[in-house]
Amino acid sequence: LEKSRRGENPLEGWIPSVPKGEAFEVGTDAFLRSEELGLKEVGKCGFILVAGGLGERLGYGDIKIGLPTELATGTTYIQFYIETILAFQSRYAEPGKKLPLCIMTSGDTNAKTVALLSANNYFGMDKDQITIVQQGQGVPALYDNDAHIALDTEDPYDIQMKPHGHGDIHALLHSNGVAKAWQAKGMKWTVFFQDTNGLAFHTLALSLGVSSKMGLIMNSITCPRKAKQAIGAITKLTKGDQQKTMNVEYNQLDPLLRATVSPEGDVNDESGFSPYPGNINQLVFNLDSYVSILERTNGVMPEFVNPKYADAEKTIFKKPTRLECMMQDFPTVLQGAETEKVGFTSLASELCFSPVKNATADGVALQAKGTHPGVAASGEADQSSSVARILRSIGCQVEEGSKVTFNGITVTSGPDCVLKPSFAACATEFKKKFPNLSAVKISGRSSLVLSGQGLTIESLDLDGAVVIECEEGASGVIRNLSVKNKGWWKQPDASSDVEVIRMRGYDMRRLETEKIVFKKDGSIDGNYSMETTPKESARTVPEVSAPVVPKEAAVAEPVISKSAPAPPADLTKSAPEEKGDEQFCNGCTIL
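Draft legend 1. Representation of the side chain of Ser274 in the model. Tracing the backbone shows Ser274 in the loop between α8 (250–259) and β12 (278–286). Within the local environment of Ser274, its side chain forms a polar contact with the backbone nitrogen of Tyr276, the two atoms lying 3.1 Å apart. Not counting residues within four places of it along the chain, the set of residues in contact with Ser274 comprises Arg225, Lys226, Ala227, Asp266, Val267 and Asn268.

This is the structure:
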């Protein structure tokens, strides 16, 4: 606290330089080579989900991992993460080997996390694959520079407590024996990721390839950042014979550069970005080294304090502060040759980082300043657009959707591409699943949902909505399929009783859907035949995975505004809307 009051620079005497690592563009030969190398390591990973937060800040009354990542299928974040891990397990792990998942919870989220997993049969994972470690009750809040402890505002006989930070995860993995148990089971890597980033696994195989190739103990997933952008930067720091590669906050990096190696400070290079990549708090560790370091340190991370002052003399706090720690500060406990084995893997943020963490009003303000809004609508849009971008990078013909605005948040709407992990989970797998890339065409207004390991798309011309499923144990090939129908439409709805709709500002209205299911017994449900493929379909199929809507809700007429996408021109009152197994038409109910 005294050092903070005096304004002491914690990086005084350290010389910054660009760290070692690799930056990639999706779909390039270098990208695919690194991903291929990483896929050999995917089946040896343990996964750590940092999930201590509630969704209150987002206008959601439950835990954040229970939020749907998108409305096309209603898949929640925890379901998506588990399905991805299981997909990698089925394709890359040794027979009988389970890839473990550890979830860090807090007092606020622990019971709800356990209940969500139990109610959904652990989303297909075996119960013994999942370990839950819970943070403590926090640390005492401090209200002045003398570290006097603040009392609870509602109970003068209790102490005010505040979260200690996600740096606790390392100590919890050590004290609960999780990391060591994984090592004993033959795991080679640990992967840390955040609770509401639907793009998190796009870099998994890529970063494992980099870690394997460069022999890294710790690999930070990063994205290109503009000079002075308000995001921490991975930086190599040197002082005499000491060195460390770690996250440096943006407001510390620029003055440090000016005072040492660059009078201009943090500036963009010829790439148009700063040479210091942006930290997104997604980490990959070599497990053997990680366990050894935990044994030496007990997983304890260095603490810091960051009070906000109410006066120029820095004697009064705006509100009580606390000691905290961060998981990305792990490099500060490395010693000797360990410090040389820290690096980064960089990929465009549009492909690896779209957290859902802000309320809509806060997102509007951020977007107005040119900053990513980090809201539910942007998270869903980015998840679809990242898949579309990967498909384009490997040669598919995928149009861009139009810019639309919901609740003041502008996003690119469409095409809504949901490729379930059971179908494909990375660019290398996408290439195998679409063997004739130029024969795949998707319009900007389309919705595409694909699932099932046995499914292959040889040729598809889509202008509308299609859902194609392949049951476990079945196989199916889509060839010469042309679908043109009314598709799905994001209907503005800022006042819905359903939280996940209201926080987005829209609902997904299914006007027409072509649905094809390849069955395990060899039959095919839907308007498709392996012998005679249809050239066009306008068949409407009820979508069983539609988001839950109260049964008494009436079918709303399309609301058109300048800030929202217009419905299809031929939509009339008599156009049926899919709603579970019911269709509503001019007030009649057809079961």
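Draft legend 2. Fine view of the sheet that holds strand β29 (residues 514–518). Taken together, five strands build an open sheet; the order of strands is β19-β21-β24-β29-β30 and the sheet is mixed. Bordering the open sheet on either side are β19 (416–419) and β30 (524–525), each of which pairs with just one other strand. As defined by bridge partners, β29 adjoins β30 across two bridges and the pair is classed as antiparallel. Within the sheet, the bridge partner assigned to Val517 lies in β30 and is Asp525.

Draft legend 3. Highlighting the packing of aromatic side chains. Taken as a whole and assessed by the stated rule, the structure comprises 17 aromatic pairs. Their ring planes at 75° and their centres at 5.7 Å tell us that Phe423 and Phe434 sit as a pair that is edge-to-face. Of this pair, Phe423 sits in the loop between β19 and α13 (427–433) while Phe434 sits in the loop between α13 and β20 (440–442), placing them eleven residues apart in sequence. One exposure class covers both Phe423 and Phe434, and it is buried. Every member of this aromatic cluster is reached through a ring pair, and the members are Phe47, Tyr77, Phe80, Tyr81, Phe193 and Phe201. The ring of Phe273 has Lys226 sitting right over it, with the charged end atom 4.6 Å from the ring centre. For the cation-ring pair, Lys244 lies above Trp14, with the distance from its terminal atom to the ring centre recorded as 4.4 Å.

Draft legend 4. Summary view of the packing of helix α2 (residues 29–39) against helix α7 (residues 204–214). Running from amino to carboxyl end, α2 crosses α7 at an angle of 80°, the nearest separation of the two axes being 6 Å. In this view, α2 runs roughly perpendicular relative to α7, as classed from their interaxial angle. Facing Phe31, Ser34, Glu35, Leu37, Gly38 and Leu39 of α2, the residues of α7 in contact are Ala205, Leu206, Leu208, Gly209, Val210 and Lys213. When grouped by side-chain class, the residues that make up the contact of α2 with α7 number seven nonpolar, three polar and two charged.

Draft legend 5. Region of interest: the pattern of salt bridges. Under the counting rule described, the total for this entry stands at 27 salt bridges. A salt bridge links Lys484 to Asp463, with the nearest nitrogen and oxygen atoms 2.7 Å apart. Of this pair, Lys484 sits in strand β26 (residues 481–484) while Asp463 sits in strand β23 (residues 460–463); the two residues are 21 residues apart in sequence, bridging distant segments of the chain. Two residues, Lys519 and Asp525, come together in a salt bridge whose shortest N-O distance is 3.9 Å. With relative accessibility at 39%, the residue Asp525 sits in the partly exposed group. Here the residues in one salt-bridge network are Glu2, Arg5, Arg6 and Glu8, joined through shared partners.

Draft legend 6. View of the nonpolar core. Of all hydrophobic cores here, the largest spans 79 residues; its most connected members are Phe47, Leu49, Ile82, Leu101, Phe192, Tyr290 and Phe330. Looking at which element gives the most residues to this core, the answer is helix α3 (residues 77–92), with eight residues. Residues contacting Tyr290, with those up to four places away along its chain left out, are His170, Leu173, Ala179, Thr190, Phe192, Phe285 and Phe330. Counting 43 residues, the second-largest nonpolar core is a separate cluster that includes Leu32, Val387, Ile442 and Leu448.

Draft legend 7. Structural context of the sheet that holds β26. Spatially, four strands are ordered β16-β20-β23-β26 in an open sheet, and the strand pairing comes out parallel. Of all the strands in the sheet, the pair left with one neighbour each is β16 (397–398) and β26. Strand direction decides the pairing type here: β23 and β26, joined by four bridges, are parallel. The partner of Leu460 across the bridge, within β26, is Leu481.

Draft legend 8. Representation of the packing of helix α5 (residues 168–175) against helix α9 (residues 287–297). Between α5 and α9, the least distance of the axes is 10 Å, while the angle of their chain directions is 90°. Classified by the interaxial angle, the pair formed by α5 and α9 is roughly perpendicular. Between α5 and α9, the contacting residues are His170, Leu173 and His174 on the first element and Tyr290, Leu294 and Glu295 on the second. For the contact of α5 with α9, the residue count by class is three nonpolar, two polar and one charged.

Draft legend 9. Expanded view of the pairing of strand β28 (residues 506–510). By the criterion of burial, β28 is predominantly enclosed, with five of the five residues buried. A two-sided burial pattern is seen for β28, the buried positions comprising Tyr506, Met508 and Arg510 on one face and Asp507 and Arg509 on the other. As paired strands, strand β27 (residues 488–492) and β28 are joined by five bridges and run antiparallel to one another. Looking at β28, one finds that Lys490 is bridged to Met508.

Draft legend 10. Main features of a nonpolar patch on the surface. A cluster of nonpolar side chains, namely Ile149, Leu151, Ile159 and Met161, defines an oily patch on the protein surface of about 330 Å² accessible area. Its location among the elements puts Met161 in strand β7 (residues 161–162). Given a relative accessible area of 38%, Met161 falls into the partly exposed group.

Draft legend 11. View of the environment of Ile130. Here Ile130 is to be found in strand β5 (residues 130–134). Ignoring anything within four residues of it in the chain, the contact list for Ile130 reads Ile82, Leu101, Ile103, Leu117, Tyr122 and Met125.

About the cut-offs
Residues numbered from 1 in each chain as written. Predicted model: local features only at pLDDT ≥ 70, side-chain atom pairs only at ≥ 80, totals over all residues. Heavy atoms only, no water. Helix = DSSP H or I, 4+ residues; strand = E, 2+ residues; numbered from the N terminus. Polar contact = N/O pair within 3.5 Å; in protein donor to acceptor, adjacent residues only side chain to side chain. Contact = heavy atoms within 4.5 Å. Pairing = 2+ DSSP bridges. Phe/Tyr/Trp six-rings, centres within 6.5 Å; stacked < 30°, edge-to-face > 60°. Buried < 20%, exposed > 50% of the residue type's maximum accessible area, 1.4 Å probe, protein only. Lys NZ or Arg CZ within 6 Å of the ring centre and 35° of its normal. Axes fitted to C-alpha atoms, helices over the stretch in contact; angles between N-to-C directions. Parallel < 35°, antiparallel > 145°, perpendicular 65-115°, else oblique. Nonpolar A, V, L, I, M, F, W, Y, C, P; charged D, E, K, R; others polar. Salt bridge = Lys/Arg side-chain N within 4 Å of Asp/Glu carboxyl O. Core = buried A, V, L, I, M, F, W, Y, C linked by side-chain atoms within 4.5 Å. Patch = residues over 30% accessible without salt bridge, like charges linked within 9 Å, V, L, I, M, F, W, Y side chains within 5 Å. Areas by Shrake-Rupley, 256 points an atom, 1.4 Å probe, with all protein chains shown as cover.

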